Amino acid sequence: MQPQPTASSAFVSLPTVCLPVQQHTNNNQRRHSISKITYIEESGDLEAEIMTGADLMDATTTVVRTIARDHKTDVVFMGDGAATNGRDVILPSIPSDAKITRRQALVTGGYANHESLHKLLTDFEGLSPRMKRWHSGGKKLTKHLANAIEDIRIEAGGQVLYNGLPKSIDKTAREVNR
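Analysis parameters
Residues numbered from 1 in each chain as written. Predicted model: local features only at pLDDT ≥ 70, side-chain atom pairs only at ≥ 80, totals over all residues. Heavy atoms only, no water. Helix = DSSP H or I, 4+ residues; strand = E, 2+ residues; numbered from the N terminus. Buried < 20%, exposed > 50% of the residue type's maximum accessible area, 1.4 Å probe, protein only. Contact = heavy atoms within 4.5 Å. Areas by Shrake-Rupley, 256 points an atom, 1.4 Å probe, with all protein chains shown as cover. 1 Å grid on protein atoms, 1.4 Å probe; cavity = no way out; pocket = protein on both sides within 12 Å on 5 of 7 lines; lining within 4 Å. Points joined across faces, edges and corners; volume = space filled by probe spheres on them. Nonpolar A, V, L, I, M, F, W, Y, C, P; charged D, E, K, R; others polar. Pairing = 2+ DSSP bridges. Axes fitted to C-alpha atoms, helices over the stretch in contact; angles between N-to-C directions. Expected span 1.5 Å × (residues − 1). Salt bridge = Lys/Arg side-chain N within 4 Å of Asp/Glu carboxyl O.

Enquirer: Would you mind showing me how to read the overall build of the protein chain here?
Expert: Summing up its helical and strand segments, the protein chain has 5 helices and 8 strands in all. Relative to its 178 residues, the protein chain shows a buried fraction of 35%. Pairs at least 24 apart in sequence give 63% of the contacts found in the protein chain among residues at least 6 apart. Carbon together with sulfur atoms contributes 52% to the accessible area of the protein chain, which is approximately 10,900 Å² in total.

If you want it as C-alpha coordinates, here you go:
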(Lines give C-alpha, C1' and ligand atoms only; values in the text may rest on other atoms or scores of the structure.)
Protein backbone atom coordinates (compact mmCIF):
# COMPACT_ATOMS: atom_id res chain seq x y z
CA MET A 1 0.00 0.00 0.00
CA GLN A 2 1.47 3.35 -1.03
CA PRO A 3 1.36 6.38 1.26
CA GLN A 4 -1.39 8.88 0.45
CA PRO A 5 -0.39 12.48 -0.33
CA THR A 6 -1.23 15.24 2.09
CA ALA A 7 -1.33 19.00 1.61
CA SER A 8 2.20 19.30 3.03
CA SER A 9 3.98 16.48 1.21
CA ALA A 10 5.61 15.82 -2.13
CA PHE A 11 6.68 12.44 -3.46
CA VAL A 12 10.10 11.14 -4.37
CA SER A 13 9.81 8.19 -6.73
CA LEU A 14 11.94 5.12 -6.22
CA PRO A 15 11.61 2.01 -8.39
CA THR A 16 9.18 0.16 -6.13
CA VAL A 17 7.68 2.72 -3.77
CA CYS A 18 6.78 6.41 -3.49
CA LEU A 19 8.10 8.08 -0.37
CA PRO A 20 6.55 11.13 1.29
CA VAL A 21 8.98 13.97 1.93
CA GLN A 22 8.04 16.91 4.15
CA GLN A 23 7.90 20.27 2.35
CA HIS A 24 8.34 23.57 4.12
CA THR A 25 6.99 26.90 2.95
CA ASN A 26 9.37 28.91 5.14
CA ASN A 27 12.33 30.07 3.01
CA ASN A 28 14.69 29.62 5.96
CA GLN A 29 14.07 25.86 5.95
CA ARG A 30 15.20 23.27 3.43
CA ARG A 31 12.67 22.52 0.70
CA HIS A 32 12.75 18.82 1.53
CA SER A 33 13.82 17.59 4.94
CA ILE A 34 14.25 14.44 6.95
CA SER A 35 13.99 14.59 10.72
CA LYS A 36 17.26 15.02 12.60
CA ILE A 37 18.69 11.70 13.73
CA THR A 38 19.63 11.24 17.37
CA TYR A 39 21.99 8.27 17.50
CA ILE A 40 22.23 5.86 20.39
CA GLU A 41 25.19 6.89 22.53
CA GLU A 42 28.01 4.51 23.38
CA SER A 43 27.59 3.56 27.03
CA GLY A 44 27.86 0.67 29.47
CA ASP A 45 24.11 0.19 29.05
CA LEU A 46 24.82 -1.34 25.65
CA GLU A 47 26.54 -4.28 27.36
CA ALA A 48 23.50 -5.17 29.51
CA GLU A 49 22.00 -8.59 28.72
CA ILE A 50 18.43 -8.10 27.55
CA MET A 51 17.22 -11.33 25.90
CA THR A 52 18.13 -14.78 24.60
CA GLY A 53 19.21 -15.62 21.07
CA ALA A 54 15.87 -17.37 20.49
CA ASP A 55 13.98 -14.22 21.54
CA LEU A 56 16.13 -12.07 19.25
CA MET A 57 15.68 -14.37 16.26
CA ASP A 58 11.91 -14.46 16.77
CA ALA A 59 11.60 -10.68 17.10
CA THR A 60 13.99 -10.03 14.20
CA THR A 61 12.06 -12.35 11.89
CA THR A 62 8.85 -10.44 12.65
CA VAL A 63 10.56 -7.08 12.05
CA VAL A 64 12.09 -8.20 8.73
CA ARG A 65 8.73 -9.40 7.46
CA THR A 66 7.03 -6.19 8.60
CA ILE A 67 9.56 -3.73 7.16
CA ALA A 68 9.84 -5.71 3.91
CA ARG A 69 6.04 -5.83 3.74
CA ASP A 70 6.28 -9.52 2.92
CA HIS A 71 5.16 -11.91 5.67
CA LYS A 72 6.27 -14.94 3.63
CA THR A 73 9.93 -13.91 3.77
CA ASP A 74 12.21 -16.68 4.98
CA VAL A 75 14.68 -15.30 7.51
CA VAL A 76 17.68 -17.58 7.97
CA PHE A 77 20.32 -17.12 10.67
CA MET A 78 23.60 -18.63 9.42
CA GLY A 79 27.21 -17.65 8.90
CA ASP A 80 28.57 -14.27 9.91
CA GLY A 81 27.23 -11.94 7.22
CA ALA A 82 23.95 -10.55 6.00
CA ALA A 83 22.41 -10.68 2.51
CA THR A 84 19.21 -10.97 0.55
CA ASN A 85 18.39 -12.27 -2.89
CA GLY A 86 15.11 -10.37 -2.98
CA ARG A 87 13.17 -13.31 -1.55
CA ASP A 88 15.02 -14.60 1.53
CA VAL A 89 17.02 -12.68 4.14
CA ILE A 90 20.17 -14.20 5.62
CA LEU A 91 21.44 -12.80 8.91
CA PRO A 92 24.42 -13.74 11.12
CA SER A 93 24.10 -16.94 13.14
CA ILE A 94 22.85 -16.60 16.72
CA PRO A 95 22.84 -19.51 19.18
CA SER A 96 19.31 -19.93 20.61
CA ASP A 97 20.58 -20.08 24.20
CA ALA A 98 22.98 -17.12 23.87
CA LYS A 99 22.55 -14.20 26.26
CA ILE A 100 22.19 -11.17 23.97
CA THR A 101 23.35 -7.68 24.96
CA ARG A 102 21.60 -4.51 23.89
CA ARG A 103 24.53 -3.79 21.53
CA GLN A 104 24.22 -7.23 19.88
CA ALA A 105 20.46 -6.76 19.49
CA LEU A 106 20.96 -3.34 17.88
CA VAL A 107 23.63 -4.68 15.52
CA THR A 108 21.42 -7.61 14.49
CA GLY A 109 18.52 -5.20 14.07
CA GLY A 110 20.65 -2.98 11.84
CA TYR A 111 21.53 -5.92 9.59
CA ALA A 112 17.87 -6.94 9.50
CA ASN A 113 16.65 -3.43 8.76
CA HIS A 114 19.21 -2.96 5.98
CA GLU A 115 18.37 -6.25 4.26
CA SER A 116 14.63 -5.57 4.68
CA LEU A 117 15.10 -2.26 2.90
CA HIS A 118 16.78 -4.09 0.02
CA LYS A 119 13.73 -6.36 -0.23
CA LEU A 120 11.43 -3.34 -0.21
CA LEU A 121 13.34 -0.85 -2.37
CA THR A 122 15.90 -2.64 -4.58
CA ASP A 123 14.99 -3.58 -8.15
CA PHE A 124 16.52 -7.07 -8.10
CA GLU A 125 15.30 -7.92 -11.62
CA GLY A 126 17.27 -4.97 -13.02
CA LEU A 127 20.27 -4.97 -10.70
CA SER A 128 21.10 -8.68 -10.21
CA PRO A 129 21.97 -9.46 -13.87
CA ARG A 130 24.29 -6.45 -13.98
CA MET A 131 25.97 -7.43 -10.72
CA LYS A 132 26.55 -10.99 -11.99
CA ARG A 133 27.89 -9.69 -15.32
CA TRP A 134 30.29 -7.28 -13.59
CA HIS A 135 31.48 -10.02 -11.22
CA SER A 136 32.06 -12.63 -13.94
CA GLY A 137 33.64 -9.99 -16.22
CA GLY A 138 36.25 -9.14 -13.62
CA LYS A 139 34.70 -5.74 -12.85
CA LYS A 140 34.49 -6.39 -9.14
CA LEU A 141 35.19 -2.76 -8.22
CA THR A 142 32.24 -1.69 -10.40
CA LYS A 143 30.06 -4.28 -8.66
CA HIS A 144 31.13 -3.12 -5.18
CA LEU A 145 30.63 0.56 -6.05
CA ALA A 146 27.16 -0.15 -7.46
CA ASN A 147 26.29 -2.07 -4.29
CA ALA A 148 27.59 0.79 -2.10
CA ILE A 149 25.50 3.32 -4.02
CA GLU A 150 22.44 1.07 -3.74
CA ASP A 151 23.06 0.72 0.02
CA ILE A 152 23.10 4.51 0.42
CA ARG A 153 19.97 4.87 -1.71
CA ILE A 154 17.92 2.30 0.20
CA GLU A 155 19.02 3.60 3.59
CA ALA A 156 18.02 7.15 2.59
CA GLY A 157 14.65 5.80 1.47
CA GLY A 158 14.36 3.80 4.69
CA GLN A 159 15.02 6.90 6.76
CA VAL A 160 12.05 8.59 5.09
CA LEU A 161 9.79 5.57 5.56
CA TYR A 162 10.94 4.62 9.06
CA ASN A 163 12.52 7.53 10.92
CA GLY A 164 14.15 5.39 13.64
CA LEU A 165 16.01 3.03 11.30
CA PRO A 166 19.30 4.96 11.14
CA LYS A 167 19.86 4.42 14.87
CA SER A 168 20.20 0.65 14.60
CA ILE A 169 21.93 0.73 11.22
CA ASP A 170 24.49 3.10 12.80
CA LYS A 171 25.33 0.49 15.47
CA THR A 172 25.78 -2.15 12.78
CA ALA A 173 28.06 0.11 10.74
CA ARG A 174 30.17 0.86 13.82
CA GLU A 175 30.57 -2.84 14.64
CA VAL A 176 31.39 -3.82 11.05
CA ASN A 177 34.04 -1.10 10.82
CA ARG A 178 35.72 -1.75 14.19
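Enquirer: For this particular structure, what's the right way to read the layout of surface pockets?
Expert: To locate leftover empty space, one rolls a probe as large as a water molecule over the atoms. Size it by volume and the largest pocket reaches roughly 770 Å³. Taken together, the elements giving at least two residues each to the lining of the largest pocket come down to β6 (83-84), α2 (102-121), α3 (124-136), α4 (140-161) and α5 (165-176). Take the lining of the largest pocket: its biggest share by element is 8 residues, from α4. For the lining of the largest pocket, the per-class residue count stands at 11 nonpolar, 11 polar and 7 charged. Around the second largest pocket, the lining comprises 13 residues; the ones closest to its centre are Pro92, Gln104, Val107, Thr108 and Tyr111.

Enquirer: For this particular structure, what's the right way to read the side chain of threonine 108?
Expert: Examined against the element boundaries, threonine 108 turns out to sit in helix α2. Those residues in contact with threonine 108 that sit more than four places away from it in its chain are Leu56, Thr60 and Ile94.

Enquirer: Even after reading the chapter, I still don't get the sheet that holds strand β7 (residues 89-91), so can you show me in this structure?
Expert: Pairing between sheet strands relies on hydrogen bonds along the backbone, with the strands arranged either parallel or antiparallel. Pairing in this open sheet of 3 strands is mixed, and the strands run β5-β7-β6 from one edge to the other. Of all the strands in the sheet, the pair left with one neighbour each is β5 (75-77) and β6. Against the sheet, α2 makes contact with β6 and β7, and its axis sits at roughly 165° relative to β7, the strand it touches most.

Enquirer: Any chance you could explain α2 here in plain terms?
Expert: Since one α-helical turn is 3.6 residues long, residues separated by three or four positions face the same way. With 20 residues, α2 should cover 28 Å at 1.5 Å per step; its first-to-last C-alpha distance of 28 Å lies within 8% of that length. Most of α2 sits inside the fold, with 17 of its 20 residues counted as buried.

Enquirer: It is not clear to me how the pattern of salt bridges should be interpreted in this structure. Could you clarify?
Expert: Where charged atoms from two side chains of opposite charge come close, those side chains can pair. Taken as a whole, this structure holds 6 salt bridges when the rule is applied. A salt bridge links arginine 102 to aspartate 45; the nearest nitrogen and oxygen atoms lie 3.3 Å apart. Taken together, the residues arginine 102 in helix α2 and aspartate 45 in the loop between β3 (32-33) and β4 (49-52) connect sequence positions 57 residues apart. The exposure class of arginine 102 is partly exposed, given its relative accessible area of 30%. Residue classification places aspartate 45 among the partly exposed residues on the basis of a relative accessible area of 44%.

Enquirer: How do you make sense of the environment of leucine 106 when you look at a structure like this?
Expert: Tracing the sequence through the fold places leucine 106 in helix α2. For leucine 106, a relative accessible area of 15% corresponds to the buried category. For the pair formed by leucine 106 and leucine 46, sequence separation is 60 residues and the distance between their alpha carbons is 8.9 Å. The residues touching leucine 106, leaving out its near neighbours within four places in the chain, are Ile40, Leu46, Ser168, Lys171 and Thr172.

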